[in-house]
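So you can see what is in the structure, the chains are spelled out below.
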Amino acid sequence: MLQLKNITKNYLSGANEVKALKGIDVEFRENEFVSILGQSGCGKTTLLNIIGGLDKYTTGDLIINGKSTKEFKSKDWDTYRNHSVGFVFQSYNLIPHQTVLSNVELALTISGVNKEERKRRAKEALEQVGLGDQLNKKPNQMSGGQMQRVAIARALVNDPDILLADEPTGALDSATSVQVMEILKEISKDRLIIMVTHNPELAEKYSTRVIRLLDGKITDDSNPYKASKDELEKSKSKKDKSGKASMKFSTAVRLSLNNLMTKKGRTLLTSFAGSIGIIGIALILSLSHGMQTYINKVEEDTLSSYPITIQESTMDISSMMEAMMGDAEEIEHEEGKIYSRAIVNNMLETISTKIKTNNLEEFKKFIEGNETDIKDYINAVQYGYNMDLNIYAQNKQGETVQVNPSLVFDKLGFGDMMEAHQESNEMFSGGMMMSETDVWMEMLNNQELLNSQYEVLAGKWPSKYNEVVLMVDKNNEISDYTLYSLGIKDINELSEAMDKIMKGEEVKAPEEVESYTYQDILDYKFKVVLNTDYYKKDGNTWKDMSDNSEYMKRLVEDAEEIKIVGVVKPNEETIASSQAGVIGYNSELKEYVINKINEAEIVKEQKANQDTNVFTGLKFSENENTSFDYTTLSEEQRAYMATLSEQELAEIMKTYSTNADATYENNLERLGVVDLEKPSSINIYPKGFEAKDMISNIITDYNNKQTDNGKEENVINYTDIVGIMMKSVSTIIDVISYVLIAFVGISLVVSSIMIGIITYISVLERTKEIGILRSIGASKKDVSRVFNAETLLVGLVAGLIGIGVTLLLNIPINMLIKAIVGISGIAKLPFAGGAILVAISVGLTMIAGLIPAKFASKRDPVEALRSE
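Just so it is clear, the model here is predicted, and its values are computed rather than measured.

K.L.:
So what about helix H5 (residues 144-156)? Which residues, and what values?
P.N.:
Its 13 residues give H5 an end-to-end C-alpha distance of 18 Å, which sits within 8% of 18 Å, the value for a rise of 1.5 Å per residue. The buried fraction of H5 amounts to 12 of the 13 residues, a majority that puts the element mostly inside the structure. Of all the positions in H5, only Gly145, Gln146, Met147, Gln148, Arg149, Val150, Ala151, Ile152, Ala153, Arg154, Ala155 and Leu156 are classed as buried. Contacts from the buried residues of H5 go to strand S6 (85-89), helix H3 (100-111), helix H4 (115-128), strand S7 (162-166), helix H6 (174-187) and helix H29 (767-775).

Put into C-alpha cells, the structure is as follows:
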C-alpha cells in the first residue's frame, strides 16, 4: 500500500525557487489502474519520480506498506526501485547496445538472480507482452510499439508491486497505443499501475481511477481511497521485498564490453594510444632482460674460467697493490732536499707479512657438509692436489713420448724460465687463475654446465675415468702447441728449429694448414703412468728407472690406456668457455691415480718406515750438518770402506748426499702421494656474480665463526680480483634501464590521462544509460562499477596490444643486433614482466577513470533520463 502525506517538492531554477508539488495527500490501493492528468508543468512527472524513488521530496512523507521513507538511505531507495517499482517511459529508455533479452534481464541481474532463473523469467515477461520470438534483437531493430512492450516486460520482470508509466503511449500511433493500454489494463488486475498521460480519452477508458493535477496540487480524484486500520495493519505485516540490489562486476564488464563493441574504431585507437607507453617500457624491459641474461651468461662462462681460487698458501693481493702504488698522502718536507719513498721495501714487507696459509682440509669439510647453503650458489667445485698426471703416447715414428707434463718449453730451451714463472704465479695468484703450460685440464664436474657451453662434434662425453675429450675452439682449431704437447706433431721439430735459430738461420712457419679428421682424433690413445711406477725394487732400496729406455718402454706398454672418446667445441652462445684447445678429463681420473699411488708397494713401505729413506735404505738425517764426517764412523765401518774401490766409494758418497737432504714428507711428494681430504687448492665456480657475492659472504661468516671459536688457523684468505673488475657491469645496465623506463613512464602516464578523458566523454555519451540503470535499482556504486569496468577493458586491451607489438618488434630488433654484433636473443620480454606491464596498464587506466566513474555515479537519475 502506497501513501503520500503532504508531499512538497521545491527546486531551484537559476536564482528562483520553483514549487513543483504543494502538499500532495493521496493513498493508493494495492491493485488499481490510476491515471494522472494535467497540463505540462503541473508536476505529474515529478510526482511519478518521487513515487518511484528517483527524486526526493522536500517535505512530507512517502509511506510504503506502512513504513515511512523519511530515514531512507541511498541503498534503501535502490532496493525499493529494484524490488518494488517498475518504470515504463515514453521514450522506452532501452540500452541500445544490449539485446532485448539482456535489457529485460538487467533488473534481475542487479537483484542477484542466477543466470538460469534470470533467463527463464525474462523470457516469460517477454512472452507475456507478445515478444517471445524477438529475444536476440537489438532495440534499433524494432518498432516503437515493440520497444514499449520490451520496456513493460522489463518493468514486470522483477514482479514489482507498483508499475509507473510516464506517457507510455506518447510516442505511439493510435493502434499501438491501444495495444499497450490493453496490456497495462491486464497487468493492473494484480498490482498498482500509476500512469501519467495527456490523453484523457485513454485515461477514462482504461483507468479505474483518474487524478487531476494543477499547479502542483490535486484538483480532482475520481475514485479516492482512504485505507482502513485493518488495511493499514495488513500492509504493515506484508513481507518486504528486501534484499541488497547490487550489480556483479561481470555484469558491469559485459555492459561496458557491449558498449565498446559499438565503437570498435575509437576503442582500438584509444587502446593503441594507451599502449604506446607500454610498448616503450616493454621494449626497454626486453632489451634490459636480454642484456641481463647475456651478462649472466657472460658471468657464468667467465667464472667457469676464472673461479674463486683458494690456495694452500696465498697472499693478499690488495695489500700488495697498495704497497706498489705507494702512499698517496701528502707529506711536508724541508725545502732543498730530495727524499726517498719506500715502495720496494714496503712491497717486500708485505710479501713477508701477508703470505697466509689456509687450512683447506677443514674448509673442504665445510663445503661438503650441511652447515650452509653454499652449494646453491655453486656450479662446480674443483680440488687441486700437488701431483702431476704422467701421460705418454706414441708419436708417428712409434716412439714413446711424454705428453704431460708438457715438454714443449723444454725443447725450446725455456723450461727453467717457465718453471720459475709458474712458481711466482702460485705465490702471487691471489685467486686469479695461474697460467698453465700443460694441455691436460680437469673438466668441471657439472655436466649440465658443460652441455650449455659446448657442442659435441664427434663421439660423446667421457663416462669413465679412462675416457677424455679433445676440446677445440669455436673455429674447430687447436694450437700447434697442443699438437706438439700431445705428440700428434713431432716435438723434436722444435729442438731442430731452435738449433737453426741459434745458428742464425731463418725458420719459416708451414704455409699449409694441417687438418685431422674426427676419426683421426678418436683413434688416438694415451697411457697414464703413476709416479710410483718409475721405481723398481733393488734389494732393500727402490731405484729410479726413468732413465732406462727399455724399462720405460715396457712400463708405458703395460700402463692404463686413456682414450679420446669425443671432440667438443664451444657453442655459438658461449662467451668464455672453461677450456678450449686442451684434453679434458673427469675428476675420476685424478682420483684413480691418487688411489692407485696410495696402494703402491713403495708407498706402503715408506709409510711403514717413516724414519728410513726407501730410496737409500738409510735413516733420514735429523741434524742440520749434512757434510760427510769420516770421524763419526765406527772402526768396522772404516775397515769396510777401506776395502771398497773408488767407484763404490763415490756411489756411497752420492747416496749419503742424497739422503742428507731427503725427508719423509719430500719422499711422499716425490711419489705423488696425496690425501684426497687435504687439497692444495680449491676452485669454486659460482653461478654468477650475485652468487659469487653470496659465496664471499658465506666465507666471511665461516671466518668469523672460526675466529669466534679461537681457531684463527682455519680462517680462509683469498682475493677476488675478477669479481672486483666485473661487478659494476650489471649495476650500469640496471641504472640505464631505470632511467629509460622513467622517461618512457611519462608517456604511459600521459596515455592514462587521455584514457581518463575518453572515459569522461563516454560518461557524457551514456548519461541516459546511467538514468536507466538507476531507475531499475542500480546503486551509485553499480554505476561507478560500469565505468571502472570500461577503463579496465581499455587498459587490458592497451596492455595486450603493447605486449603484442613489443613481441613483434623484438623479432627485427634481434635480427638487427645479430647482424651487427653477432649476439642472438638480446630482445627478450620475460613472461612475468609482460604480465606486470599489462597489470600496470589496467591499474593506471582504472586510476585515470576513477574521477569520470565517480562523476557518473553522482549524476541525478532524473536529469540523466531527460538527456538525449
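Right, picking up where we left off after that structure.
K.L.:
Outline the sheet that holds strand S8 (residues 192-196), listing residues and values.
P.N.:
Reading across the sheet, the 6 strands line up as S6-S7-S8-S3-S9-S10 and stay open at both edges, with mixed pairing between neighbours. With partners counted over all chains shown, the strands left at the sheet margins are S6 and strand S10 (217-221), one partner each. Strand-to-strand twist of the sheet, defined as the mean angle between neighbouring strand axes without regard to direction, takes the value 20°. Pairing of S6 with S7, which is carried by 5 bridges, proceeds in the parallel orientation. Within S7, the position partnered with Phe87 by the bridge is Leu164. Taken strand by strand, helix H1 (residues 44-51) contacts strand S3 (32-37), S7, S8 and strand S9 (209-214), and its axis lies near 155° from that of S7.

K.L.:
Describe the pattern of salt bridges, listing the residues and the values that go with them.
P.N.:
Inspection of every chain in the model, using the stated rule, returns 26 salt bridges. Glu27 is paired through a salt bridge with Lys5; the nearest N and O atoms lie 3.5 Å apart. One end of the pair, Glu27, is in strand S2 (residues 16-28); the other, Lys5, is in strand S1 (residues 2-13), and 22 residues separate them in sequence. Here Lys705 and Glu371 are joined by a salt bridge, their closest N and O atoms 3.4 Å apart.

K.L.:
Go over the pairing of strand S22 (residues 541-544) with me, naming the residues and quoting the values.
P.N.:
When a strand is regular, its side chains alternate between the sheet's two faces. Pairing geometry for strand S21 (residues 535-538) and S22, over 4 bridges, is antiparallel. The partner of Asp538 across the bridge, within S22, is Thr541. Between S21 and S22, which pair antiparallel one after the other, the connecting turn spans 2 residues, and Gly539 there sits at a positive phi close to 70°.

K.L.:
Tell me about the packing of H29 against helix H30 (residues 780-821), and please be specific about residues and values.
P.N.:
Relative to each other, H29 and H30 sit at 140°, their axes nearing to 10 Å. Between H29 and H30, the angle is such that the two are oblique. Crossing hand, H29 versus H30: right-handed. Along its contact with H29, which presents Ile770, Leu773 and Arg774, the element H30 presents Lys780, Val783, Val786 and Phe787. When grouped by side-chain class, the residues that make up the contact of H29 with H30 number 5 nonpolar, no polar and 2 charged.

K.L.:
Give me the nonpolar core: which residues, what numbers.
P.N.:
Judged by nonpolar contacts, the single largest core of 87 residues is most densely connected at Leu2, Leu4, Phe28 and Ile194. Leaving out residues up to four positions away in the same chain, Leu4 has contacts with Ile24, Asp25, Val26, Phe28, Leu47, Ile51, Asp61 and Leu62. Ranked by size, the runner-up nonpolar core spans 78 residues in total, among them Ile562, Ile583, Ala600 and Val674.

K.L.:
Give a description of the pairing of S2 that names residues and reports values.
P.N.:
Two elements, S1 and S2, share 10 bridges in a ladder whose sense is antiparallel. Counted as the bridge partner of Leu2 is Phe28 from S2. Connecting the antiparallel pair S1 and S2 is a turn made up of 2 residues, with Gly14 showing a positive phi of about 75°.

K.L.:
Any chance you could break down the sheet that holds S1 for me, citing the residues and the numbers?
P.N.:
Spatial ordering of the open sheet is given by S2-S1-S4-S5, a layout of 4 strands whose pairing is antiparallel. Two strands lie at the open edges of the sheet, namely S2 and strand S5 (67-68), each paired on one side alone.

K.L.:
Residues and numbers for the environment of Leu257, please.
P.N.:
Mapped onto the fold, Leu257 is located in helix H9 (residues 249-261). For the pair Leu257 and Val786, spaced 529 residues apart in sequence, the C-alpha separation works out to 9.8 Å.

K.L.:
So, a positive patch on the surface: which residues are in play, and what are the values?
P.N.:
Together, Lys56, Lys73, Lys75, Lys780, Lys781, Lys854 and Lys858 make up a region of like positive charge exposed at the surface. Relative to the helices and strands, Lys75 is located in helix H2 (residues 74-83).

K.L.:
I'd like a rundown of the side chain of Thr612, residues and numbers included.
P.N.:
Take Thr612: it is sitting in the loop between helix H22 (601-608) and helix H23 (635-642). Dropping the residues within four chain positions of it, Thr612 is found in contact with Gln606, Gly617, Leu618, Lys619 and Phe620.

K.L.:
Pulling in residues and values, what's your account of a negative patch on the surface?
P.N.:
Taken together, the side chains of Glu30, Asp230, Glu231 and Glu233 make up a negatively charged region of the molecular surface. One can find Glu231 in helix H8 (residues 229-236).

K.L.:
Lay out the packing of aromatic side chains with the relevant residues and their values.
P.N.:
This structure, assessed with the given rule, holds 12 aromatic pairs. When the ring of Trp440 is compared with that of Phe526, the centres are 5.0 Å apart and the planes differ by 85°; the resulting orientation is edge-to-face. Pair noted here: Trp440 is in strand S17 (residues 440-442) and Phe526 is in strand S20 (residues 525-529), with a separation of 86 residues, a long-range link. Taken as a pair, Trp440 and Phe526 share a single burial class, namely buried. Look at Tyr465 and Tyr592: their rings are 4.3 Å apart centre to centre, the planes differ by 20°, and that puts the pair in the stacked class. Here Tyr465 is found in the loop between strand S18 (454-459) and strand S19 (467-471), whereas its partner Tyr592 is found in helix H21 (residues 587-599), with 127 residues between them in sequence. Tyr465 sits in the partly exposed class, given a relative accessible area of 27%. Aromatic ring contacts, followed pair by pair, group Phe72, Trp77 and Tyr80 into a single cluster. A cation over an aromatic ring shows up here: Lys364 above the ring of Tyr383, its NZ or CZ 4.8 Å from the ring centre. Positioned above the aromatic ring of Phe615 is the side chain of Arg670, whose terminal nitrogen or guanidinium carbon lies 3.9 Å from the ring centre.

Definitions and limits used
Residues numbered from 1 in each chain as written. Predicted model: local features only at pLDDT ≥ 70, side-chain atom pairs only at ≥ 80, totals over all residues. Heavy atoms only, no water. Helix = DSSP H or I, 4+ residues; strand = E, 2+ residues; numbered from the N terminus. Expected span 1.5 Å × (residues − 1). Buried < 20%, exposed > 50% of the residue type's maximum accessible area, 1.4 Å probe, protein only. Contact = heavy atoms within 4.5 Å. Pairing = 2+ DSSP bridges. Axes fitted to C-alpha atoms, helices over the stretch in contact; angles between N-to-C directions. Salt bridge = Lys/Arg side-chain N within 4 Å of Asp/Glu carboxyl O. Parallel < 35°, antiparallel > 145°, perpendicular 65-115°, else oblique. Left-handed = near helix turned anticlockwise from the far one by under 90°. Nonpolar A, V, L, I, M, F, W, Y, C, P; charged D, E, K, R; others polar. Core = buried A, V, L, I, M, F, W, Y, C linked by side-chain atoms within 4.5 Å. Patch = residues over 30% accessible without salt bridge, like charges linked within 9 Å, V, L, I, M, F, W, Y side chains within 5 Å. Areas by Shrake-Rupley, 256 points an atom, 1.4 Å probe, with all protein chains shown as cover. Lys, Arg positive; Asp, Glu negative; His and termini not counted. Charge placed at Lys NZ, Arg CZ, Asp CG, Glu CD. Phe/Tyr/Trp six-rings, centres within 6.5 Å; stacked < 30°, edge-to-face > 60°. Lys NZ or Arg CZ within 6 Å of the ring centre and 35° of its normal.

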